[in-house]
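Structure assessment
Spelled out, the chains give:
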Amino acid sequence: AGVQGDLEKVGMEMVKKLQEASGEKNLVLCGGVALNSVLNGRLARELGFDQTFIPPYPGDDGIAVGCCAYGLFSPECSAGSPSGPPPLWDGPLSPYQGPRYSDEEVREALETAAPWIELEEVESEEELVKQSAAAIAFGEVVAWWHGRSEAGPRALGHRSLLADPRNASMVGRINGDIKHREAFRPFAPSVMADEAYEWFQGMPEGEAAGAASPYMSV
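Quick notes on the rules
- Residues numbered from 1 in each chain as written.
- Predicted model: local features only at pLDDT ≥ 70, side-chain atom pairs only at ≥ 80, totals over all residues.
- Heavy atoms only, no water.
- Helix = DSSP H or I, 4+ residues; strand = E, 2+ residues; numbered from the N terminus.
- Buried < 20%, exposed > 50% of the residue type's maximum accessible area, 1.4 Å probe, protein only.
- Core = buried A, V, L, I, M, F, W, Y, C linked by side-chain atoms within 4.5 Å.
- Contact = heavy atoms within 4.5 Å.
- Patch = residues over 30% accessible without salt bridge, like charges linked within 9 Å, V, L, I, M, F, W, Y side chains within 5 Å.
- Areas by Shrake-Rupley, 256 points an atom, 1.4 Å probe, with all protein chains shown as cover.
- Salt bridge = Lys/Arg side-chain N within 4 Å of Asp/Glu carboxyl O.

**What to know about the overall build of the protein**
- Secondary structure summary: the protein contains eight helices and four strands in total.
- Counted from the first residue to the last, the protein has its helices and strands arranged as α-β-α-β-α-α-α-α-β-β-α-α.
- Seen along its three principal axes, the alpha-carbon backbone of the protein occupies a region of about 60 × 50 × 35 Å.
- Within the span of the protein, comprising 218 residues, buried residues form 22% of the whole.

**Structural notes on the nonpolar core**
- Membership of the largest hydrophobic core is limited to ten residues, which are Met12, Val15, Leu27, Leu29, Ala34, Leu39, Leu43, Leu47, Phe49 and Ile54.
- For this core, the secondary structure elements donating two or more residues are helix H1 (2-22) and helix H2 (37-46).
- Ignoring sequence-local partners within four residues, the contact set of Phe49 consists of Val15, Gln19, Glu24, Lys25, Asn26, Leu27 and Leu43.

**Remarks on a nonpolar patch on the surface**
- On the surface, Leu110, Trp116, Ile117 and Leu119 cluster together to form a nonpolar patch covering roughly 460 Å² of accessible area.
- The residue Trp116 is located in the loop between helix H5 (103-112) and helix H6 (125-137) in this model.
- Owing to a relative accessible area of 69%, Trp116 belongs among the exposed residues under this scheme.

**Things to note about the pattern of salt bridges**
- Counting across every chain of the model gives six salt bridges.
- Notably, a salt bridge pairs Arg42 with Glu46, separated by 3.0 Å at the nearest N-O pair. Placement of both Arg42 and Glu46 in helix H2 is noted, with a separation of four residues, approximately one turn of the helix.
- Residue Arg42 is classed as partly exposed on the basis of its relative accessible area, which comes to 24%.
- Ionic pairing is found between Glu182 and Arg185, a salt bridge with its closest N-O pair at 3.3 Å.

**With respect to the environment of Pro86**
- Residue position: Pro86 is located in the loop between helix H4 (75-78) and H5.
- The spacing of Pro86 and Glu127 is 41 residues in sequence and 43 Å in space, taken between C-alpha atoms.
- With residues up to four places along the chain from it excluded, the contact list for Pro86 reads Leu72 and Phe73.

**Description of unusual backbone geometry**
- The backbone phi angle of His180 is positive, close to 55 degrees, even though this residue is not glycine.
- Accessibility expressed as a relative area gives 62% for His180, which makes it exposed.

Here is the structure:
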């Protein structure tokens with residue numbers, strides 16, 4: 001708690017000085033410390049920036065993305081191209097930059113794990129969602145696996161463990177029995193963007209405001 005408090009104090013003071021010196025109205029954070037969502041939340045709420053953006057991979061794992069962007073868009077790197085640099089990206093890259101597995105690869109993995117699991121095929125995605133919601137409400141933990149995996153350290157719905165936050169025992173069960181990690185590790189709530197204001201203090205009503213933290217960073 002003491003180290004976290006010192007980090008917040010120094011971080012707030014540093015960014016406030018940069019804000020005053022530059023006059024900038026928007027804030028972008030990178031580096032490993034930008035994974036500290038408590039500090040990020042204070043910076044976004046208390047310093048009056050119009051927008052605060054933290055990429056889904058702000059630490060060392062995002063360096064490759066920065067190198068790619070530099071190679072694509074910098075005048076030095078595109079000087080030899082007759083057409084010049086390509087158009088700038090119109091928004092952040094998708095966080096889902098990890099591998100995608102074929103049906104055959106999935107089938108082989110299931111066959112390897114066959115002695116330890118029971119398989120049941122569902123008829124539709126609607127039925128899958130219905131059964132998963134029922135399992136969560138019943139107190140079970142659902143491992144949700146979908147599409148390409150996330151780049152960066154956050155589980156953002158493609159490789160996620162889903163559980164009922166109303167069950168206080170879930171914290172110890174997931175940290176201790178399933179993930180085998182420290183007891184203090186936190187979890188992120190997931191809600192519909194246009195309903196976020198009903199669950200979080202200080203969140204303005206509206207879908208745009210509700211989507212303020214799509215990468216589990218604030």
